[in-house]
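# Descriptive analysis of the structure
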Protein chains: 2
Amino acid sequence: MEIKLAPIGTVHSPYKSIEEIKQVPKENIVGEIELFPEFEEGLKDIEGFSYLWILWIFHGSKNYSLQVKPRIEKACEERKLRGVFATRSPNRPNPIALTLVELLGRKGNKLRVKGIDAIDNTPVIDLKPYVKSDLKEKAKFGWAQETEGNNLLI
Amino acid sequence: MEIKLAPIGTVHSPYKSIEEIKQVPKENIVGEIELFPEFEEGLKDIEGFSYLWILWIFHGSKNYSLQVKPRIEKACEERKLRGVFATRSPNRPNPIALTLVELLGRKGNKLRVKGIDAIDNTPVIDLKPYVKSDLKEKAKFGWAQETEGNNLLI
């Protein structure tokens, strides 16, 4: 079985390379999600949500390992191999990224967002609102419990 | 541009149809995510996380509208048309679902999970851990602010 997807829009961001994403934390990075005009109608009512999930394609991802050493583990400790599904590593069997961004505003088919960690011109495949049931106050975060970094490239 | 994906595993759930999902809330539904054996190694360390994101394919989704009337809006009020990207409707340009489940346990390549709202035999394309930065306590939920339902099919 094979699934075919087509982009619905594009990320505009100040990041020009994966290296830049690794060096500059995403938290205050402001960028834009530009939907192709034919999808603009699907954005109705989105302004009321303060956060959005952006699903996008890691188009730079060429291969993957089933175990990786997340770089957000403290450099002073020995980094351990973690299962890729217990990380948000971009290199995974299906290279789909999930980024939670703050919605700052909308003009037509363009959304101004904060906290985007995708490279400029990255293809977007879906937008979903952050809803009440996404908020799990009692969650435990396994090996990432003690990390403060929240860059996607963990 | 076209993106090709391949499933990494399968959902086992008590839901046999979309109609059943609409009738029986997912909150206490226990099911299983079975990864294909070749991906089991990628699950290392996943037990430490209490919640997981499951990305799966709405393989029953045949077409979509850019505006939809979410059924979780109170039946006593007139349901309004909302932009599909401001909902978690299963019928969307790229039929990828995002479900947050509670991880109850793991046995090899099988994860026991609570809160799954996919039909039995649904293809899974990715698993990601729920990390600290996914928790946005001050979020506003737009038109869904007042709804209590957290079924994916909003």
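Look up: the structure comes first, before these words.
All figures in this text were calculated on a predicted structure; none of them were measured in a lab.

## Thoughts on the packing of aromatic side chains
- Evaluated as defined, the whole model comprises 9 aromatic pairs over all chains.
- Ring plane angle 40 degrees and centroid distance 5.8 Å describe the contact between A:W53 and A:Y130, whose orientation is recorded as tilted. Placement of the pair is A:W53 in strand 4 (residues 51-57) and A:Y130 in the segment after strand 9 (123-129), with a sequence separation of 77 residues.
- We classify A:Y130 as buried; its relative accessible area is 0%.
- Summarising the aromatic geometry, the rings of B:W56 and B:F58 are spaced 4.7 Å apart at their centres and angled 70 degrees between planes, so their arrangement reads as edge-to-face. Grouping residues by exposure puts B:W56 and B:F58 together as buried.

## Observations regarding the interface of chain B and chain A
- Each partner contributes to the interface: chain B provides 68 residues, whereas chain A provides 68 residues.
- Applying the counting rule to chain B against chain A returns 6 salt bridges.
- Counting every contact that joins chain B to chain A gives 34 residue pairs in polar contact (both at pLDDT 80 or more).
- Of all the secondary-structure elements, those providing two or more residues to the side of chain B that touches chain A are strand 1 (3-5), strand 4 (51-57), strand 6 (82-83), strand 7 (96-107) and strand 9 (123-129) of chain B.

Calculation notes
Residues numbered from 1 in each chain as written. Chains lettered and ligands numbered in written order. Predicted model: local features only at pLDDT ≥ 70, side-chain atom pairs only at ≥ 80, totals over all residues. Heavy atoms only, no water. Phe/Tyr/Trp six-rings, centres within 6.5 Å; stacked < 30°, edge-to-face > 60°. Helix = DSSP H or I, 4+ residues; strand = E, 2+ residues; numbered from the N terminus. Buried < 20%, exposed > 50% of the residue type's maximum accessible area, 1.4 Å probe, protein only. Contact = heavy atoms within 4.5 Å. Salt bridge = Lys/Arg side-chain N within 4 Å of Asp/Glu carboxyl O. Polar contact = N/O pair within 3.5 Å; in protein donor to acceptor, adjacent residues only side chain to side chain.

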